[in-house]
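Okay, here's what each chain looks like letter by letter:
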Amino acid sequence: MREADSPSIPRHVAIVMDGNGRWARKRLMPRVFGHKAGVDALVRTVRACADRGVRHLTVFAFSSENWKRPEDEVSGLMALMMNAVAKHMAALREEGVRVRIVGDRSGISAGVIASWDTIEAATAHNQRIDLYVAFNYGGRWDIVQACKRLLAEGVDPSTLDEARLARHLVMHEAPDPDLFIRTGGELRLSNFLLWQSAYAELHFSDCLWPDFDAGELDRALQAYARRERRFGRVTASPPDADAAVPLSQPASFLSR
Ligand code: FPP
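Residues numbered from 1 in each chain as written. Predicted model: local features only at pLDDT ≥ 70, side-chain atom pairs only at ≥ 80, totals over all residues. Heavy atoms only, no water.

Draft legend 1. Molecular detail of the site of the ligand. Around the ligand, 15 residues are found, and the nearest of them are Asp18, Gly21, Arg22, Arg31 and Arg69. Here Gly19 contributes a backbone N or O atom positioned 3.3 Å from an oxygen atom of the ligand. Residue Asn20 places a main-chain N or O atom 3.2 Å away from an oxygen atom belonging to the ligand. Mapped by element, the contributors of at least two residues to the shell around the ligand are helix 1 (20–26) and helix 2 (31–51). With 4 residues, the single largest contributor to the shell around the ligand is helix 2. In the shell around the ligand, the residues fall into 5 nonpolar, 6 polar and 4 charged. (Near = heavy atom within 4 Å. Polar contact = N/O pair within 3.5 Å; in protein donor to acceptor, adjacent residues only side chain to side chain. Helix = DSSP H or I, 4+ residues; strand = E, 2+ residues; numbered from the N terminus. Nonpolar A, V, L, I, M, F, W, Y, C, P; charged D, E, K, R; others polar.)

And the structure:
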């Protein structure tokens, strides 16, 4: 299904990779075992997205709220982050993946930050697909940090507009997500890319993240290709002709 530049392939896919803990529990294993399998699913998904012409993939690896998890799970996720970089960096570099880590770096250990700096530098010139890993990230945190930077610049409120604020968000290099996928069966956004997903098409799957594969991705892409994106405009081809009211003729119910 490779159709780079085709409107039916989203330029930017965002994923909430949920369900690792349940996947591990079903196997009577600790939660970190599920996260480890989640890294394999992530690497599979990066390749599958690149093969299909997706240019940007953003995944939620650790939220601002995940610090509330048990200490061993938090330290397990930090260690996994470093292991994942060591294990997959060479292949990602060879395969044209540009990796960026986005989020609040305060509270993250020097070792983890050093591994991020290493993979970002090693892949900086790649152009096939951008992989943004959101770590210690929250959509509300992002908007607040952008406001703080604007205030520090001495922004004049009369000149502030959406474009200027967006330039201060951590995802400012990428277009907004076209397709927002959440695995694991829950139907919520969980504070991921709140500003950027204003017009994203949402796709929810019951698949637990470690089971996510090219087939699941294709189901999401097929659902996306069937959507009509209107961005607030009137539909070009109304599905129900009776519901279509020409703008020049106010609907009768308005004058009742
Ligand atoms: C949510 O599943 C998943 C996370 C909080 C972590 C996601 C991390 C990965 C997939 C690994 C990739 C990370 C790195 C280090 C690159 P959950 O634990 O909430 O699952 P549950 O809802 O079944 O309990």
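Draft legend 2. Main features of helix 4 (residues 110–123). Spanning 14 residues, helix 4 covers 20 Å between terminal C-alpha atoms, matching the ideal 20 Å at 1.5 Å per step. Buried residues of helix 4: Val112, Ser115, Trp116, Ile119, Glu120 and Thr123, and no others. Looking down the long axis of helix 4, one finds its buried residues gathered within 130 degrees of arc, a one-sided arrangement. Across from the buried face of helix 4, at angles greater than 90 degrees, the exposed residues are Ala110 and Ala121. At its buried positions, helix 4 is contacted by helix 3 (71–94), strand 3 (97–102) and strand 4 (129–137). (Expected span 1.5 Å × (residues − 1). Buried < 20%, exposed > 50% of the residue type's maximum accessible area, 1.4 Å probe, protein only. Arc of directions from axis to C-beta. Contact = heavy atoms within 4.5 Å.)

Draft legend 3. Just the UniProt feature "binding site: Mg(2+)" (unreviewed entry) in the protein chain, in detail. Within the UniProt annotation, "binding site: Mg(2+)" (unreviewed entry) is assigned to Asp18 and Glu201. Once residues lying within four places of it in the same chain are set aside, the contact partners of Asp18 are Arg182, Thr183, Gly184, Glu186, Cys207, Leu208 and Trp209. A residue is classified by how much of its surface remains accessible, and Glu201, at 15% relative accessible area, is buried. (UniProt positions renumbered as here; feature names shortened; annotations may be inferred.)

Draft legend 4. Focus on the packing of helix 3 against helix 4. Where helix 3 meets helix 4, the axes come as close as 10 Å, and the angle between the chain directions of the two elements is 15 degrees. In terms of their interaxial angle, helix 3 and helix 4 are classed as roughly parallel. Note that helix 3 runs across helix 4; the crossing there is left-handed. Here Met78, Met81, Met82, Val85, Met89, Leu92 and Arg93 of helix 3 lie close against helix 4, whose contacting residues are Gly111, Val112, Ser115, Trp116, Thr118, Ile119, Ala122 and Thr123. (Axes fitted to C-alpha atoms, helices over the stretch in contact; angles between N-to-C directions. Parallel < 35°, antiparallel > 145°, perpendicular 65-115°, else oblique. Left-handed = near helix turned anticlockwise from the far one by under 90°.)

Draft legend 5. Main features of the confidence of the model for the protein chain. Chain-level statistics for the protein chain give a pLDDT mean of 92 and a share of 89% at 70 or above. Scored below 50 in pLDDT, residues 238–251 makes 3 contacts in the model with residues more than four places away or belonging to other chains. (pLDDT = per-residue confidence, 0-100.)

Draft legend 6. The arrangement of a nonpolar patch on the surface in detail. On the surface, a nonpolar cluster with roughly 400 Å² of combined accessible area is contributed by Leu187, Leu189, Leu194, Leu202 and Phe204. Within the element layout of this structure, Phe204 appears in strand 6 (residues 201–204). Given a relative accessible area of 30%, Phe204 falls into the partly exposed group. (Patch = residues over 30% accessible without salt bridge, like charges linked within 9 Å, V, L, I, M, F, W, Y side chains within 5 Å. Areas by Shrake-Rupley, 256 points an atom, 1.4 Å probe, with all protein chains shown as cover. Salt bridge = Lys/Arg side-chain N within 4 Å of Asp/Glu carboxyl O.)

Draft legend 7. Structural context of the pattern of salt bridges. All told, the structure shown has 22 salt bridges when counted by the stated rule. Notably, a salt bridge pairs Glu173 with Arg98, separated by 2.8 Å at the nearest N-O pair. Of this pair, Glu173 sits in the loop between helix 6 (162–166) and strand 5 (179–182) while Arg98 sits in strand 3; the two residues are 75 residues apart in sequence, bridging distant segments of the chain. With a relative accessible area of 40%, Glu173 lands in the partly exposed category. Between Arg105 and Asp117 there is a salt bridge, and its shortest N-O distance comes to 3.3 Å. Taken together, the residues span a long stretch of sequence, with Arg105 in the loop between strand 3 and helix 4 and Asp117 in helix 4 at a distance of 12 residues. For Asp117, a relative accessible area of 40% corresponds to the partly exposed category. What you see here is one network of salt bridges that share partners, running through Arg98, Arg100, Arg105, Asp117, Glu120, Asp130 and Glu173.

Draft legend 8. Quick peek at the environment of Leu169. Mapped onto the elements, Leu169 comes out in the loop between helix 6 and strand 5. Note on Leu169: relative accessible area 2%, which makes it buried. Taking the C-alpha atoms as reference, Leu169 lies 9.1 Å from Gln196; in sequence the two are 27 residues apart. Dropping the residues within four chain positions of it, Leu169 is found in contact with Asp142, Ile143, Gln145, Ala146, Trp195 and Gln196.

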